Amino acid sequence: MDPNLREAISAEIGWACRILLVTHVGPDGDAIGSLLGLGSLLRARGKEVTLACEDPVPESYRFLPGSDQVVQEASGSYDLVIGLDCSDRQRMGDVVSENLAALPLVNIDHHVTNGRFGTINWVDASAVATAQMVLTLAEELGWPVTRQVAICLLNGLVTDTRSFRTSNVDMAAMRAVLRLIEAGASLPEIARQALEQRPLASVRLWADAVDRLRLEDGILWTSVTLAMRQRWGMDENDFSGLANSLSGIREARAVVVFTERDNGLIDVSMRAAPGLNVAQAAVRLGGGGHPQAAGCTLEGDLPQVQERVLAEVGQSLSEQRAGAG
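Quick notes on the rules
Residues numbered from 1 in each chain as written. Predicted model: local features only at pLDDT ≥ 70, side-chain atom pairs only at ≥ 80, totals over all residues. Heavy atoms only, no water. Helix = DSSP H or I, 4+ residues; strand = E, 2+ residues; numbered from the N terminus. Polar contact = N/O pair within 3.5 Å; in protein donor to acceptor, adjacent residues only side chain to side chain. Contact = heavy atoms within 4.5 Å. Axes fitted to C-alpha atoms, helices over the stretch in contact; angles between N-to-C directions. Parallel < 35°, antiparallel > 145°, perpendicular 65-115°, else oblique. Left-handed = near helix turned anticlockwise from the far one by under 90°. Nonpolar A, V, L, I, M, F, W, Y, C, P; charged D, E, K, R; others polar. Core = buried A, V, L, I, M, F, W, Y, C linked by side-chain atoms within 4.5 Å. Buried < 20%, exposed > 50% of the residue type's maximum accessible area, 1.4 Å probe, protein only.

Participant: Would you mind showing me how to read the side chain of His24 here?
Facilitator: Its place among the elements puts His24 in the loop between β1 (18-23) and α2 (29-44). Among the polar contacts listed, one links the side chain of His24 to the side chain of Asp28, at a separation of 3.5 Å. A polar side-chain atom of His24 sits 3.1 Å from a polar atom in the side chain of Asp85. Leaving out residues up to four positions away in the same chain, His24 has contacts with Ala31, Cys53, Leu84, Asp85, Cys86 and Arg91.

Participant: I would appreciate a short explanation of the packing of helix α4 (residues 147-160) against helix α5 (residues 171-182) in the present structure.
Facilitator: In a pair of packed helices, the angle between the axes and the distance between the axes together describe the arrangement. Their axes nearest at 9 Å, the elements α4 and α5 cross at an angle of 150°. With respect to each other, α4 and α5 are oriented roughly antiparallel. By crossing handedness, the relation of α4 to α5 is classed as left-handed. Facing α4, whose interface residues are Ala150, Leu153, Leu154 and Leu157, α5 presents Ala173, Ala176, Val177, Leu180 and Ile181. Its residues placed into classes, the contact of α4 with α5 shows nine nonpolar, no polar and no charged.

Participant: Is there a simple way to think about the nonpolar core in this case?
Facilitator: General note: in soluble globular proteins, nonpolar side chains tend to be found buried as a group. Grouped together as the largest cluster of nonpolar side chains are 52 residues, with contacts concentrated most on Leu21, Leu38, Leu42, Ile82 and Leu157. A per-element tally of this core places α4 first, with eight residues. In contact with Leu38, other than residues within four places in its own chain, are Leu21, Ile82, Leu84, Val134, Leu137 and Trp143. Counting residues in each nonpolar core, the second largest holds 24 residues, with Ala254, Ile266, Leu276 and Val309 among its members.

Geometric values such as these leave the question of function open.
Laid out in structure tokens, this is it:
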């Protein structure tokens, strides 16, 4: 960690009494794990902390200690806002309202597409998860990592690396895992809870989505409609992993999953085969992410969004093929 960034972040946290921690809409395991882990660390430093996310904590991560403390609206006055795992300000949703916009904002994130929207920006694309960065911050500032913190942070590493199977996993990531295990976190239990456990209704929803699969020019895609979710009683944030599972299909150079949200927006999850990049297309569509895992949220009806996204992904893959040639 750059010493100047460490000192700047330490100074902001040092003078602040009331801190608002915010993670992104449609939170994943890294978002929730980083939020809970840093929140616990700051409370141990005597800070008054609010944990906020515009969307509820997904069922898969409600086993994490402190998950019941995450609120969807931030009320009250604060001295400092810390954004976690948010590639741009829009990903923070409406939690950071206009009256909070003038506050200092520390942006902690590992997405290569991060827009550096904070007053202080710590963006480390070499980290496999934002949770790894939170651990680094704690260690460099001499903050003890409790078992509760370790569980939350290890959840972030496990989920963002698909249980350490992504191509960016390196020795630094594995050393972080070892330190969190030494602090009391159980790798098998976290992997089981976060990646393997799921309600039967979500599997039935997956079956509907698989039945709608289409493969066109190397792009495998499907949709999860509002009607499908209503049929199985699934909240928009209570099922995950479909895009990751589909990315293992050999014929697919890229995978795209469209999910209709309750507010009329459409979430787009993209995955790429090794050596390809879907982040380029995601950025062009107003989103972001990693080369092999990216996404965006778009307005419009489902057929229009599908046509726009598939054209953009196809164009991006064609450019990559031409560049490689």
